Amino acid sequence: MADVEMKDAKSKGDAKDEVATPPLSPVSEIKSNVTLIERAVSTLEPRFTIRVLRSLTALRKRLDDKALCDAVSEVYPQDSPVRASLLSWLPAAPAQDESMEVDSSPSPKPPSETVPETEIYFRLLILHHFLTSPSTYSDAIDLANETVQKIQSLNRRSLDPIAARVWFALERAYELGGELSDARPLFLAAQRTASLRHDDETQASLINRLLRSYLHYSLYDQADKLISKTNFPSSAPNSQYARYHYYLGRIKTVQLDYTAAHTNLQQAIRRAPAPKLAPGFYQAVHKLFVVVELLMGDIPERSLFRHPVLEKALRGYFDIVKAVRTGSLSQFQSTLSTHASGFEADRTYTLVARLRQNVIKTGIRRLSLSYSRISLRDICVKLHLDSEEDAEYIVGKAIRDGVIEGRIVHEKGWMECGGQKTGYGPEVSEMFSRRIGYCLELHNQSVKAMRYPLNAHRKDIVDAEGAREREKELAKGIQEGEIDEEDALGGDF
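Peer 1: Break down the overall build of the protein chain for me, citing the residues and quoting the values.
Peer 2: The number of helices and strands found in the protein chain is 26 helices and 3 strands. Here the protein chain, with 493 residues, has 38% of them falling under the buried criterion. Partitioning the intrachain contacts of the protein chain with sequence separation of at least 6 by distance along the chain shows that 63% fall at a separation of at least 24. Carbon and sulfur atoms make up 52% of the accessible area of the protein chain, which totals about 29,300 Å².

Peer 1: Give me the lowdown on the nonpolar core, citing residues and values where you can.
Peer 2: Counting 118 residues, the largest nonpolar core has I30, F122, L211, F332 and I379 as the members making the most contacts within it. Those residues in contact with I30 that sit more than four places away from it in its chain are L59, L63, L68, A71, Y121, F122 and L125.

Peer 1: Run through the packing of helix α10 (residues 160-176) against helix α11 (residues 184-196), naming residues and quoting values.
Peer 2: Packed helix pairs are specified by the crossing angle of their axes together with the interaxial distance, meaning the distance between the axes. Following both chains from N to C, one finds α10 and α11 inclined at 165 degrees, their axes separated by 11 Å at the closest point. It follows that α10 is roughly antiparallel to α11 by the angle criterion. As for how α10 packs across α11, the hand of that crossing is left-handed. Between α10, through W167, L170, E171 and Y174, and α11, the contact on the second element is made entirely by L186, F187 and A190. Of the residues belonging to the contact of α10 with α11, the class tally is 6 nonpolar, no polar and 1 charged.

Peer 1: Residue-level account of the pattern of salt bridges, with values.
Peer 2: Tallied over the entire structure, the rule returns 15 salt bridges. Here R123 ties to E146 by a salt bridge, and the two come within 2.9 Å at their closest N and O atoms. Residue R123 is located in helix α8 (residues 116-130), and its partner E146 is located in helix α9 (residues 137-154); the two are separated by 23 residues in the primary sequence. Using a relative accessible area of 30% as the deciding quantity, one classes E146 as partly exposed.

Peer 1: Tell me about the packing of aromatic side chains, and name the residues and values.
Peer 2: Here the structure, examined in full by the defined rule, presents 9 aromatic pairs. Seen in terms of ring centroids, Y246 and Y247 are 5.7 Å apart; in terms of plane orientation they differ by 50 degrees. Their pairing is tilted. Y247 matches Y246 in its accessibility class, with the two residues each being buried. Linked through ring pairs, Y76, Y121 and F122 together constitute an aromatic cluster. Taking the ring centre of F168 as reference, the NZ or CZ of R243 above it sits at 5.3 Å. One Lys or Arg, R271, reaches over the ring of Y241 and ends 4.3 Å from the middle of that ring.

Peer 1: Kindly report on the side chain of E175, identifying the contributing residues and their values.
Peer 2: In this structure, E175 sits in helix α10. The residues contacting E175, other than those within four sequence positions of it, are L180, R212 and H216.

Peer 1: Report on helix α13 (residues 220-229), specifying residues and quantitative values.
Peer 2: The periodicity of an α-helix, 3.6 residues per turn, causes residues three or four places apart in sequence to face the same way. Where α13 is concerned, the buried positions are Y220, A223, L226 and I227. Seen end-on, α13 carries its buried residues on one side only, within an arc spanning 120 degrees. Projecting away from the buried face of α13 at angles above 90 degrees are the exposed residues D221, K225, S228 and K229. Where α13 is buried, its residues contact α12 (200-216) and α14 (238-254).

Calculation criteria
- Residues numbered from 1 in each chain as written.
- Predicted model: local features only at pLDDT ≥ 70, side-chain atom pairs only at ≥ 80, totals over all residues.
- Heavy atoms only, no water.
- Helix = DSSP H or I, 4+ residues; strand = E, 2+ residues; numbered from the N terminus.
- Buried < 20%, exposed > 50% of the residue type's maximum accessible area, 1.4 Å probe, protein only.
- Contact = heavy atoms within 4.5 Å.
- Areas by Shrake-Rupley, 256 points an atom, 1.4 Å probe, with all protein chains shown as cover.
- Core = buried A, V, L, I, M, F, W, Y, C linked by side-chain atoms within 4.5 Å.
- Axes fitted to C-alpha atoms, helices over the stretch in contact; angles between N-to-C directions.
- Parallel < 35°, antiparallel > 145°, perpendicular 65-115°, else oblique.
- Left-handed = near helix turned anticlockwise from the far one by under 90°.
- Nonpolar A, V, L, I, M, F, W, Y, C, P; charged D, E, K, R; others polar.
- Salt bridge = Lys/Arg side-chain N within 4 Å of Asp/Glu carboxyl O.
- Phe/Tyr/Trp six-rings, centres within 6.5 Å; stacked < 30°, edge-to-face > 60°.
- Lys NZ or Arg CZ within 6 Å of the ring centre and 35° of its normal.
- Arc of directions from axis to C-beta.

Below is the structure:
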């Protein structure tokens, strides 16, 4: 009976522990983040600020006017000018709610002075809150410009991680307000300043802001010149690297450099956040990645289209893959017209339209494997081409490009197909070279991303110096006759 009672007591205790851990309210989470920011400033450890910014995505979805007003009122004292400045951007709270909040809060009096990083963090939260409603887009632009001016006037290195997020919010405010081109001079001037100050995090964010601005207006030449004239910081976080590789892959795709685009998109997928944390970015990268693989002549794996985050978003691209795989030009044209609006929204319509030649090449390859001799008229009918002349030109180009082996007999109007290609050759070696290079690059980046303890090598140096000193003393004792060679080697042996 005692054992049963103990088990019941334990189960009740576990149930109490489970009930006693509710999620933090937005105000409590903001206050704990403020504590971490002050700790980061006092200890000169930016990892605490990075931890705060990592929770920004989940926190901004739970913000409202009341939570922001309560957090500002609890962090700053009544007579603080910073408090008045922050509350001026928010609607005034009712007097009863404020008095009730003061009466029910048993916490000690807030400090009279806080670090400037706390004010910028509150401005960032208010800015993200403004971006949730179209009616406050103009207020978001004004607040973003004022926050950027304050950051530039403070010029504190501890503000760099938060400043990078502020620049992202400013770009988002201008984009939602339809004035993204007006923000480009601000980004260019700030990027020059950040490069001179070696502010890697802000520099990485601003390069991505400029690339997004150029690609939004289809200015691919200017985006390519920006990439050639700047060096992306190697110490940038993975989120910035993922965006940079995605933009770079998009530029290379438009420039017909599909191999480089495929490599950059692979890096973007590998560095991207978890699919459930950033589903939009994950879907956008994979949409372009599927099109690039098709343009390279490869067929994406079917498991990619079964991913829970990608299954619905890639439905139109899956139909395109099926049309390219079967080589059916009619199916490709019907699929392209059906999903044209989705492709235009994804800005991939022109890239998908390039796949028409790939569909024709796939159909010709299938016909060359199925028939040893086939007339141009039959090719025209099976591939749904306009005329026999078009079929002759397309088949001739496929033979010249090495897609198929065969020859055209013009007198009799047919194509004679040769034997199949072997599975070995320069293409296979190039594929293996790309895979080996990717694995080596992955290993190098993994080694660079590892964290090593400071001055860990000095212990080995001290041990080596101690052994060297003992050898010198031993040699000196042997020379002076104080120690025999047998004793030095273990005389009893």
